[in-house]
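What follows is each chain in one-letter form.
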Amino acid sequence: MEFIKSKENKLYKTIKKLKTRKYREKEKLFIAEGQKFLDFKETPWAMLLKEGDNRYIEKAEGFTCPKYILSEALFNELSSQENSQGILLIYSMCESSIETIGHNIVVLDRIQDPGNLGTIIRVADAAGYRDIILLKGSVDVYNEKTVRSSMGSLFNMNFIYMEEEEVIKFIDQENYKSTVTALREDAIPYTDIIPGSKNAIIFGNEGQGVSERIIESSHSKVIIPIYGLAESLNVAVAAGIVLYKFRELLI
């Protein structure tokens, strides 16, 4: 394995730039940190090990990608974790296609928190959904915290990016029944959901919820009742409740 100790190293400089969304999108690469990402079938573009940490040397030999050892100082510059596990993997972004989109899709309107997005990806995967449409203004799927929170589920998903009007038009033209979570007087309890043959299940921004334009164009509005004193539910928790209810009704 090549040992990298200089900040002027070309590979190091390339990977450091991947910490910005603009460069990730340009290079179609992203960083996944932690030993969990050694367990997936996808072949990394590169593997980076921390100097002096020999836990992954043997397992790394089973990967065909280029492998490097970084000095402790350089590794810590790239790591986004306070207590790093000593391994970084660089992956190519997942292939996505609207041509393969299924009958039950998740739509996310301007989700801002990377941890929330990663958790929604993970719970959507667990509940059997494969397609997520993200509206402009949503946090990057390949943000390091999102990647970590998804626990690898992002490898199983088809991500499509759309503008607001574009997604409204798509839902209408493709005959999806759109169900939106909204605090409205005409919203029904999530337990009374009636799925269609094709469903678009929509969740919104942590502070502002789903946009008025999307709410007004939706076929159904649902609410999760609050029985205690909490003011509201975290969007990732709400997504888990609603997506599993849909799954139960679709089986």
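Above this text you will find the structure in question.
About the thresholds
- Residues numbered from 1 in each chain as written.
- Predicted model: local features only at pLDDT ≥ 70, side-chain atom pairs only at ≥ 80, totals over all residues.
- Heavy atoms only, no water.
- Salt bridge = Lys/Arg side-chain N within 4 Å of Asp/Glu carboxyl O.
- Helix = DSSP H or I, 4+ residues; strand = E, 2+ residues; numbered from the N terminus.
- Pairing = 2+ DSSP bridges.
- Axes fitted to C-alpha atoms, helices over the stretch in contact; angles between N-to-C directions.
- Phe/Tyr/Trp six-rings, centres within 6.5 Å; stacked < 30°, edge-to-face > 60°.
- Buried < 20%, exposed > 50% of the residue type's maximum accessible area, 1.4 Å probe, protein only.
- Contact = heavy atoms within 4.5 Å.
- Parallel < 35°, antiparallel > 145°, perpendicular 65-115°, else oblique.
- Left-handed = near helix turned anticlockwise from the far one by under 90°.
- Nonpolar A, V, L, I, M, F, W, Y, C, P; charged D, E, K, R; others polar.

Draft legend 1. Seen up close, the pattern of salt bridges. Enumeration according to the criterion identifies 15 salt bridges in this entry. The closest approach of N and O atoms between Asp 53 and Arg 55, which form a salt bridge, is 2.6 Å. Here Arg 184 ties to Glu 212 by a salt bridge, and the two come within 2.5 Å at their closest N and O atoms. With Arg 184 in the loop between strand S9 (177-181) and strand S10 (188-189) and Glu 212 in helix H8 (residues 212-217), this pair connects stretches of sequence that are 28 residues apart. In the salt-bridge network here, residues are joined through shared partners; they are Lys 7, Lys 16 and Glu 77.

Draft legend 2. Here's a closer look at the sheet that holds strand S4 (residues 67-70). With mixed pairing, 5 strands are arranged side by side in an open sheet as S1-S4-S3-S5-S2. Because the sheet does not close on itself, it has two edges, and the strands there are strand S1 (2-4) and strand S2 (29-33). Strand-to-strand twist in this sheet, taken as the mean axis angle between neighbours without regard to direction, amounts to 25 degrees. Sheet topology note: the S1/S4 ladder contains 3 bridges and is parallel. Bridging from a neighbouring strand, Phe 3 pairs with Ile 69 of S4.

Draft legend 3. Expanded view of the packing of aromatic side chains. This structure, assessed with the given rule, holds 8 aromatic pairs. With a centroid separation of 5.9 Å and an interplanar angle of 25 degrees, the aromatic rings of Phe 30 and Tyr 91 are classed as stacked. Taken together, the residues span a long stretch of sequence, with Phe 30 in strand S2 and Tyr 91 in strand S5 (residues 87-92) at a distance of 61 residues. Here Phe 30 matches Tyr 91 in class, with each residue buried. Aromatic rings pair up to connect Phe 30, Phe 37, Phe 40, Tyr 91, Tyr 142 and Phe 155 into one cluster.

Draft legend 4. Focus on the sheet that holds strand S6 (residues 104-109). Across the sheet, which stays open at both edges, the 7 strands sit in the order S8-S7-S6-S11-S9-S12-S10 with parallel pairing between neighbours. The open sheet has two edge strands, strand S8 (158-162) and S10, and neither has a second partner. Along the sheet face, helix H9 (residues 235-250) touches S6, S9 and strand S11 (199-204) and points at about 165 degrees away from the line of S11.

Draft legend 5. Main features of the packing of helix H5 (residues 114-126) against H9. H9 packs onto H5 with a crossing angle of 15 degrees between their chain directions and a minimal axis gap of 9 Å. Put simply, H5 runs roughly parallel to H9. Relative to H9, H5 is oriented so that their crossing is right-handed. Contact with H5, carried on its side by Asn 116, Thr 119, Ile 120, Val 123, Ala 124 and Ala 126, involves Val 235, Ala 236, Ala 239, Gly 240, Leu 243 and Tyr 244 of H9 and no other residues of that element. A class-by-class count of the residues in the contact of H5 with H9 yields 9 nonpolar, 3 polar and no charged.

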